[in-house]
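# Working through the structure, step by step
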Amino acid sequence: MKNIRLSGKNILNFLQNHYDFVKSVFHHSKPEFIVASDVFDKFIADYNEQNEAHISVSKLIQVKFCRQLPTGDYKINIHYTNFLQFVFDDFTLDLPDTLKNRYQTIFQLFIDLKAESNELKINALIQNIISVIEKFLYDIHRQTQRLLSDTEALKANVEEYTNLTKRLEKAVFWIDEYIEPLNRILEKEHPQSFYYELTRIQAYASEKRYTAKHAQQRIYEKLYASAVNARNELDQNLQYLTRELKPLLDRIKQDSIILTGFYHLVEDIDNINKYGALPNLIKKSRDNVMFKGFQDNANYFIDQFDYKTAEAYYQETEDTMHETLPDSLYFKEQLIKSNQITDFYEWCFKILSEHTDNIKLHDFFKVTNLLLEEDIIAEYNLNERKTVELQDAIVEIPIISVYEVSK
Amino acid sequence: MKYPSEHQQIVNRLLKGKFIIYPDPLFNIIEKSEDYPDFFKYSFGYELNVEAEFAYLSSEHTTEKGTRDFALFLAILCRELDYSNENFREKVEFGEFDINETHNLLKQSSKWEILQKTSVEDFEGFIKTWSNRNLLKSDKGRFKFTKAVKIFFNYAVNLAEEKLQADKIQ
């Protein structure tokens, strides 16, 4: 006979008998735990096809597993989803604002407690605080567990997250939306944080467990124990958050950025310098320590020696008659004939001019060498000098007078 | 400028394109010296970069293709390590690689055709070249990255961020 009232056993039997159905609907519907009616019908049909024990929408509503929304969709009962999250160790993430609201309730209850003098109300408030702390701890715990398992999945399931941008986005989202706000809620030093409030509750309860009336001392003792326990648990969760989760996510974030950068490098190798400059390492230079500008100068200098012999083009020139000059004996005779000469070099020039128009240095010296003859005496006037222009040289000479020794 | 007794050693090593890495005593000398950046700038036209754990010379006018090849090698190695579910950064920063195994890993990559066109193709020669420059350390068929590899990670981060900015603007 069908029970009119729904008992705990009915619910547990339902869960046990239709565990697979419950599990697949749970996983499909999270995190909102709403299923479209056609999908829900299909779940039921598929399940009934494969199982002897059949289920129906009416039975599901009877055990309060779900209810139909005005839209036609089915919403899973929150008591089931809470329990199933625990059963499947698969928690949904609440936004930190939800958590914040919860701990703000504790603030308010604590303020009320301090102001309350009615014993019954004090008892009720303390029970309430203990209960909210428990719920809060449970929330924090499941959030942390969920984040840890998701982060591990993000780290390990490379195939699922081959899209680096998606991986990066997820890591950044979790850090910004969950880790940081959770950290703030649990920050030990911050006067608005849950952790700080717990410390105050603990101190208050600690004092009251000695100073309150005997009957109340026990309940304050409970509150004290609850606060101490909560702080220990939070310490552990904080450790997960700050020592494991945050660095892990930071690392995923950083690693994903590196891989993204490398991805762009490999995929766009022809435009390597379009984004981000490659490290400008220098080329290996020789042992010689020198300024690189020297190299250019040195190359320029060396280039001078590294030339090909210029090709020579000879222009045909008209043959000129080679002028023959008399030998030195002739000039000596002329010198002696001239008797005394007051300006020897001038005489040399003149005598040569009589034989050629192009007096060269070589010819000029041939005549001036007469000075070295033993029978010629020369007198030098060192103070006076003059310039003689020859064809291939200009010479500066002193004025010398000469005469024959016999004279 | 007061020259330390190791001056010639410092200058020769850096001009060979080598990294000088902590705890090499030469690194401490460079790190403490206020004169070396100007010395390299005015003597050779090079920039002396002193990071937390290593020092090296750079130049805006360099056209060193080897650096590009090394960046590609590291990029593809990290990609393959990531695909093999390895923590690529940990492996690169702290791990040791077998030269032949790494060569095979890269050859199996779909991106090997890119590396084939670079100096990475002669893999042992490539490892030797970069070991000489202290970006790698190799011994008995194995090699490790030195701390200097971080400049290539920084390069990747900058590249990703600049690309992201450019995409946003578009």
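Residues numbered from 1 in each chain as written. Chains lettered and ligands numbered in written order. Predicted model: local features only at pLDDT ≥ 70, side-chain atom pairs only at ≥ 80, totals over all residues.

### Some details on the interface of chain A and chain B
Definition in use: By the convention adopted here, residues make contact when the C-beta atoms placed from their backbones lie within 7 Å. Per the convention used, a helix needs a DSSP run of H or I reaching at least four residues, while a strand needs a run of E reaching at least two, with both numbered from the N terminus. Side-chain classes follow a simple rule in which Ala, Val, Leu, Ile, Met, Phe, Trp, Tyr, Cys and Pro form the nonpolar group, Asp, Glu, Lys and Arg form the charged group, and the remainder, Gly included, forms the polar group.
The interface of chain A with chain B comprises 28 residues on the first partner and 43 residues on the second. No other element matches helix H10 (residues 214-267) of chain A, which puts ten residues into the side of chain A that touches chain B. Grouping the constituent residues of the side of chain A that touches chain B by class yields 17 nonpolar, six polar and five charged.

### Here we look at the sheet that holds strand S5 (residues 136-139) of chain B
As a general point, the strands of a sheet are linked pairwise by backbone hydrogen bonds and lie either parallel or antiparallel. Residue and element names in this part refer to chain B. Basically, it comes down to this: Any two strands are treated as partners once DSSP identifies two or more bridges connecting them. In this analysis, axes come from line fits to C-alpha atoms, helices being fitted only over the stretch in contact, and the angle between any two N-to-C directions falls in the range 0 to 180 degrees.
If you walk across this open sheet you meet the three strands as S4-S6-S5, and the pairing is antiparallel. Where the open sheet ends on each side, the last strands, each with one partner, are strand S4 (97-98) and S5. The sheet contact formed by S5 and strand S6 (residues 142-145) spans four bridges and is antiparallel. Its bridge partner being in S6, Leu 136 is matched across the sheet by Phe 145. Contacting S5 and S6, helix H8 (residues 123-132) runs over the sheet at an angle of about 120° to S5.

### With respect to helix H13 (residues 344-353) of chain A
Residues and elements named next belong to chain A. We count it as follows: Counting other C-beta atoms within 10 Å of a residue's own tells you its class, since 20 or more makes it buried, 12 or fewer makes it exposed, and anything in between is partly exposed; those C-beta atoms are placed from the backbone. Taking the helix axis as origin, the arc is that swept by the directions to the C-beta atoms.
Inspection of H13 places Phe 344, Tyr 345, Trp 347, Cys 348 and Leu 352 among the buried residues, and these make up the whole buried set. Taken around the axis of H13, the buried residues stretch over an arc of 155°, which confines them to a single face. Pointing more than 90 degrees away from the buried face of H13 are the exposed residues Lys 350 and Ser 353.

### Details of the environment of Val 35 of chain A
Residues and elements named next belong to chain A. Among the secondary structure elements, Val 35 is positioned in strand S1 (residues 34-35). Note: C-alpha distance between Val 35 and Gly 72 (37 residues apart in sequence) is 9.3 Å. Setting aside residues no more than four positions away along its own chain, Val 35 makes contact with Val 25, His 28, Ser 29, Phe 40, Asp 73 and Tyr 74.

### A few points about the nonpolar core
Selection rule: The term nonpolar core refers to a group of buried residues, namely Ala, Val, Leu, Ile, Met, Phe, Trp, Tyr and Cys, whose C-beta atoms join them within 7 Å.
With 92 residues, the main nonpolar core has Ile 129 and Leu 223 of chain A together with Leu 74, Cys 78 and Phe 152 of chain B as its most contacted residues. Take this core: its biggest share by element is 17 residues, from H10 of chain A. Filtering out sequence-adjacent residues up to four positions away, Leu 74 of chain B remains in contact with Val 149 and Phe 152 of chain B. Judged by nonpolar contacts, the second largest core, of 13 residues, contains Phe 331, Phe 344, Leu 370 and Val 402 of chain A.

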